[in-house]
Amino acid sequence: MSKNPEFVKFDKVDKSYDGKVLVVKDLQLDIAEGEFITMLGPSGSGKTTCLMMLAGFETPTHGEILLDGNIISNIPPHKRGIGMVFQNYALFPHMTVYENLAFPLRVRKVEKDEIDKKVDKALSMVSLNGFETRMPAQLSGGQQQRVAVARALVFDPAVVLMDEPLGALDKNLRESMQYEIKHIHESIGVTVVYVTHDQSEALTMSNRIAVFNDGKVQQLSNPAELYEKPVNSFVAEFIGENNTFNGEIVDIDKDKCKVKLANSEILANPVSVKSKGEKTTVSLRPERALINPSEKMDNMFSGKIEEVIYHGDHTRVRLNLLGSSEFILKVPNSTSNLELKVSQDINIGWNSTDARALDPK
Amino acid sequence: MSSETKQILTTDGIPLEVSLKKAEKKNKIKAFLLVAPLLLFLVITYIFPIGDMFMRSVDDRMVTNMLPKTFKAMDKWENLDELPPEEVYRGFYEDYKLLAENQQHGKLGQRLNKEKNGFNTITKKLFRQIKRKKIDESASLKEQINKLHKRWRDVEYWQAIKRTAPPYTASKYLKGMDMYFAADGSIAQVDEDRRIHRILWLRTLEIAFFVTLFCFFMGYPIAHLLATLPMKYSNLLMICVLLPFWTSLLVRTASWMILLQQQGIVNDFFVMIGLVADDNRPEMMYNKVGTYVAMTQILLPFMVLPLYSVMKTISPSLMRAGKSLGGTPFVAFWKVYFPLTIPGIGAGCLLVFILAIGYYITPALVGGASGTLISNQIAFHMKTTLDWSFASAMGLMLLTGVLVIYWIYNKLVGVDNIKLG
């Protein structure tokens, strides 16, 4: 069976609630069958609205949504066959775990034996066998979450939507649930559309990530590319940590450009700049700058340590470099590390390919 | 020693429980002092009057106090099918003479007449004889009194006197259910054409039931709207719901009278749209219809508010979950939303039903003859016949009825499931 690369398709979708502001602008997004795609963005960026339109709780103001080639804009939610996991789980508090899971099967008039089998299978998938007769209130947050996931999958939907499902869990549980959901996805191959504002969640779980801002998809790519090669300064800023320099292009060729800062010049990788005189924001990941680099790097500067913060597995160092006192360095915690002291002067170097000259902020 | 029975001590060696009690004592006293005024107020205005009502409803000491010697002598009256012995006649004569001297004999005559018709005549006859001093106290009083009137020779009249002996009676309660103590002491039904109270009880239950039903069917959608509309609209709607609360009950009932009367606005409207003929306007007031309409409107907020407070706590994502899992809007409502509102339904229905069962002003004003309730009957006996003990008995029967309904409700739904806000 060949996978349909346009299993879910947003075709020029606009959405406005009040007729004045567009929450979603001209959205064009294709989701492949069996893919785990995450919509990532700050609150109010339109990602949840997109999910609600796909689920059928909101209608697009303009454009069409297609599921497996069929326009679904006029199909009510209960006929779409899309599973959904809600932010607060939305388990039915007056039903047992079994009844919660049986609900989507009962409304589809599935036979009793078949229901028992499917519920059992779904519960073993989230390793909650033996919890059938519990009420949701008797479960911990993580268990409720798993029941919600099992309930969204028990009727074998083609697509499962998850709306910040891990938002209410504590950090450790959230991390283990991330892996669990990822494994479930891998084992049953369902298409998952996941919404979150937590970038590390998005990076660990997804095949592809769509970064939303201001009603638009800023970048759609796999996690590694998103982190390593952000296409604009919003994505660079939003995903991971980032050192930025604002300046002006003074010289540019194919894979290198010279950027003039307030009182110095650096070499950078021209990503979204084309000609001399353009304003730009240069973005550099903290872990790509090295202290006293052994090899030759094309950007070498010296700065003064302003602050040293111990983080256990790494140490964050804030430097005063090139006229900015907000330059952050991440130094891994290894035995060979040098003593880092405040007001010490150190040499820093980085490659121009890691310094990406993006659109000005 | 097991850990359960082992006493835990504080560092000073005092048992932990004792120490805890000591530490909390001050707080308990403070808390009690805070509620003490309310407690006192409740005792004075609620518990004490109910106790007084109860005493009044069963009190039957009047005759007991008036005829002490008679009842003492009646202890020796063994064969109740025959006329009592001479001692009873003597006791009765002495008691009655004392009453006559104190001008109290009339009351006794009336009271005994209620017990058995015809007493008034024969006690008056006895009174006249005593006044004229025609009775020879040294001779047999039994013979002399028996000679006065043939009824004195009828054993049923003496049995009637004996029945009034106990200081307490349940006769008022029986009367409230259209029953009475027959001559032989058994409980009998009032003649069919005089059974007014039972009709009133049934009508009260019926009206309260239907008013609750109407309130539920009208209040549920309103409460749902209130809970789901955006804030700016729901506030306005809330004011509309609460507006009747801020208007006097009397004013609201009076405005219903203006609306519902035969020449009123509603009838005018019906005539205008040609629904009814001008000379055949339906009566919508001074009957059950008026009571239903006015009471439903007045009690509606008591249904809406508990429902609203429960619906407000139901997350809208539950309905969405129900729909996304494949339930039609109706299934999602019936299987998911509705069961979650049951605590509110229970609270609202109980509140409206209990309020309706004791409703007074509105049925009195718009109810007419066929729309009045048991509370109107109670008021009638309080104000017109001045039979306070009967009014108290019916009031207590109403109270018991409410408690029974509450008990049944608790058995069926569970009081823990009530949510008032």
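Predicted, not measured: the structure shown is a model, and the values here were computed from it. (Residues numbered from 1 in each chain as written. Chains lettered and ligands numbered in written order. Predicted model: local features only at pLDDT ≥ 70, side-chain atom pairs only at ≥ 80, totals over all residues.)

**Brief notes about the overall build of chain A**
Inference 1: A count of helical and extended segments in chain A gives eight helices and 20 strands.
Inference 2: Considering only C-alpha atoms, chain A reaches an extent of 75 × 50 × 40 Å along its principal axes.
Inference 3: Considering chain A as a whole, with its 361 residues, one finds that 38% of them fall into the buried category.
Inference 4: Looking at chain A alone, contacts between residues at least 24 apart form 66% of all its contacts between residues at least 6 apart. (Helix = DSSP H or I, 4+ residues; strand = E, 2+ residues; numbered from the N terminus. Buried ≥ 20, exposed ≤ 12 C-beta atoms within 10 Å, placed from the backbone. Contact = placed C-beta atoms within 7 Å.)

**Section: the overall build of chain B**
Inference 1: Helix and strand counts for chain B come out as 19 helices and two strands.
Inference 2: Taking 421 residues into account, the globule formula puts the C-alpha radius of gyration at 22 Å, and chain B, at 32 Å, lies well above it.
Inference 3: Across its three principal axes, chain B shows a C-alpha extent of roughly 100 × 95 × 40 Å.
Inference 4: The buried share among the 421 residues of chain B stands at 28%.
Inference 5: Taking all contacts inside chain B whose residues are at least 6 apart in sequence as the whole, residues at least 24 apart take part in 66%. (Rg over C-alpha atoms; globule rule 2.2 N^0.38 Å.)

**Focus: the domain arrangement of chain A**
Residue and element names in this part refer to chain A.
Inference 1: For chain A, the assigned domains read domain 1 (8–233) and domain 2 (241–358).
Inference 2: One C-alpha centre belongs to domain 1, the other to domain 2; they are set 39 Å apart.
Inference 3: Facing the four residues of domain 1 at the interface are six residues of domain 2.
Inference 4: Looking at the side of domain 1 that touches domain 2 residue by residue, the class counts come to two nonpolar, two polar and no charged. (Domains from an automatic or database assignment. Nonpolar A, V, L, I, M, F, W, Y, C, P; charged D, E, K, R; others polar.)

**A look at the interface of chain A and chain B**
Inference 1: Facing 19 residues of chain A, the contacting portion of chain B comprises 15 residues.
Inference 2: Sorting the residues of the side of chain A that touches chain B by element identifies β6 (82–85) and α2 (97–106) of chain A as the ones contributing at least two each.
Inference 3: Grouping the constituent residues of the side of chain A that touches chain B by class yields 13 nonpolar, four polar and two charged.

**Let's talk about the domain arrangement of chain B**
Inference 1: In terms of domains, chain B is made up of domain 1 (1–47), domain 2 (61–167) and domain 3 (196–417).
Inference 2: For domain 2 of chain B versus domain 3 of chain B, the separation of C-alpha centres amounts to 54 Å.

**As for the sheet that holds strand β19 (residues 345–350) of chain A**
All names here are of chain A.
Inference 1: Here five strands make up an open sheet; going across it, the order is β15-β19-β16-β17-β18 and the pairing antiparallel. Taken across any chain shown, the strands that pair with only one partner, and hence form the sheet edges, are β15 (290–291) and β18 (324–332).
Inference 2: Examined bridge by bridge, strand β16 (residues 299–310) and β19 share six bridges and lie antiparallel to one another. Each bridged residue has a counterpart across the sheet, and for S302 the counterpart in β19 is N347. (Pairing = 2+ DSSP bridges.)

**Focus on helix α6 (residues 119–131) of chain B**
For an α-helix the count is 3.6 residues per turn, leaving residues at separations of three or four pointing the same way.
Residue and element names in this part refer to chain B.
Inference 1: In this model α6 runs 18 Å from its N-terminal to its C-terminal C-alpha over 13 residues, within 8% of the 18 Å that 1.5 Å per residue would give.
Inference 2: Within the sequence span of α6, burial applies to F119, I122, T123 and L126. In a view along the axis of α6, the buried residues occupy a sector of 100 degrees, so they form one face of it. In α6, the exposed positions that point more than 90 degrees away from the buried face belong to R128 and K131.
Inference 3: For α6, the secondary structure elements touched by its buried residues are α4 (86–101), α5 (105–115), α7 (141–148) and α8 (155–163). (Expected span 1.5 Å × (residues − 1). Arc of directions from axis to C-beta.)

**Quick look at the nonpolar core**
Inference 1: Ranked by internal contacts, the top residues of the largest apolar core, which has 95 residues, are L54, A148, A150, L161, V193, A210 and V211 of chain A.
Inference 2: The biggest single contributor to this core is helix α4 (residues 141–153) of chain A, with six residues.
Inference 3: Excluding residues that lie within four positions of it along the chain, A210 of chain A makes contacts with L29, I37, M39, L40, V217 and L220 of chain A.
Inference 4: A347, A356, A393 and M394 of chain B belong to the second-largest nonpolar core, a separate cluster that totals 46 residues. (Core = buried A, V, L, I, M, F, W, Y, C linked by C-beta atoms within 7 Å.)

**Things to note about helix α1 (residues 16–58) of chain B**
Residue and element names in this part refer to chain B.
Inference 1: The end-to-end C-alpha separation of α1 is 51 Å, well short of the 63 Å expected for 43 residues at 1.5 Å each.
Inference 2: At A36, α1 shows its largest kink, close to 45 degrees, and the proline P37 lies no more than four residues downstream.
Inference 3: The element α1 is barely covered by neighbouring structure, given that only one of its 43 residues are classed as buried. (Bend = angle between axes of the 7 residues up to and from the residue.)

**Side note on the confidence of the model for chain B**
It should be kept in mind that the predicted coordinates are not to be read in detail where pLDDT is low.
Residues and elements named next belong to chain B.
Inference 1: In this model, chain B carries an average pLDDT of 85, and 96% of its residues clear a pLDDT of 70 or more.
Inference 2: When pLDDT is averaged over each element of chain B, helix α10 (residues 196–228) comes out on top at 92 and strand β1 (residues 179–181) at the bottom at 81.
Inference 3: Confidence estimates for the predicted assembly give a pTM of 0.77 and an ipTM of 0.79. (pLDDT = per-residue confidence, 0-100.)

**Looking at the sheet that holds strand β9 (residues 208–213) of chain A**
Residues and elements named next belong to chain A.
Inference 1: Taken in spatial order, the six strands line up as β6-β7-β8-β3-β9-β10 in an open sheet, and their pairing is mixed. A strand with exactly one partner marks an edge of an open sheet, and here the two such strands are β6 and β10 (216–221). Averaged over all pairs of adjacent strands, the angle between their axes in this sheet comes to 20 degrees, without regard to strand direction.
Inference 2: Where strand β3 (residues 36–40) lies against β9, four bridges are found, and the strand directions are parallel. Bridging across to β9, M39 finds its partner in A210. (Axes fitted to C-alpha atoms, helices over the stretch in contact; angles between N-to-C directions.)

**Remarks on unusual backbone geometry**
A negative phi holds for most residues other than glycine; trans holds for most peptide bonds.
Inference 1: Its identity as a non-glycine residue notwithstanding, Y286 of chain B has a phi of 60 degrees, on the positive side.
Inference 2: Looking at where Y286 of chain B falls in the secondary structure, it is placed in the loop between α13 (265–272) and α14 (288–312).

**Side note on the pairing of β19 of chain A**
Look at any regular strand and the pattern is simple: side chains alternate between the two faces of the sheet.
Inference 1: Summarising the sheet, β15 of chain A and β19 of chain A pair through two bridges and their orientation is antiparallel. The partner of L290 of chain A across the bridge, within β19 of chain A, is G349 of chain A.

**Topic: the packing of α4 of chain B against α7 of chain B**
To characterise two packed helices, one gives the angle between the axes of the helices and the distance between these axes.
Residues and elements named next belong to chain B.
Inference 1: Here α4 crosses α7 at 70 degrees, and the two axes come no closer than 8 Å. With respect to α7, the axis of α4 lies roughly perpendicular. α4 and α7 meet at a crossing whose hand is left-handed. Along the contact surface, α4 presents E86, Y89, R90 and Y93, while α7 presents L141, K142 and I145.
Inference 2: Classifying every residue of the contact of α4 with α7 gives four nonpolar, no polar and three charged. (Parallel < 35°, antiparallel > 145°, perpendicular 65-115°, else oblique. Left-handed = near helix turned anticlockwise from the far one by under 90°.)

**Details of the environment of T247 of chain B**
Residues and elements named next belong to chain B.
Inference 1: In this fold, T247 is placed in the loop between α11 (231–242) and α12 (249–260).
Inference 2: Residue class for T247 comes out exposed when judged on the 12 C-beta atoms lying within 10 Å of it.
Inference 3: Separated by 95 residues in sequence, T247 and W152 have C-alpha atoms that sit 63 Å apart.

**A short note on the packing of helix α16 (residues 329–357) of chain B against helix α19 (residues 388–412) of chain B**
Residue and element names in this part refer to chain B.
Inference 1: α19 packs onto α16 with a crossing angle of 165 degrees between their chain directions and a minimal axis gap of 11 Å. Regarding the angle of α16 to α19, the classification is roughly antiparallel. The element α16 and its partner α19 pack so that their crossing is right-handed. Along the contact surface, α16 presents G346, L350, F353, I354 and I357, while α19 presents L398, G401, V402, I405 and Y409.
Inference 2: Classifying every residue of the contact of α16 with α19 gives eight nonpolar, two polar and no charged.

**Topic: the confidence of the model for chain A**
Inference 1: Per-chain confidence: chain A averages 85 in pLDDT, with 98% of residues scoring 70 or above.
Inference 2: Per-residue pLDDT, averaged within each element of chain A, yields its smallest value for β15 of chain A (80) and its largest for α2 of chain A (92).

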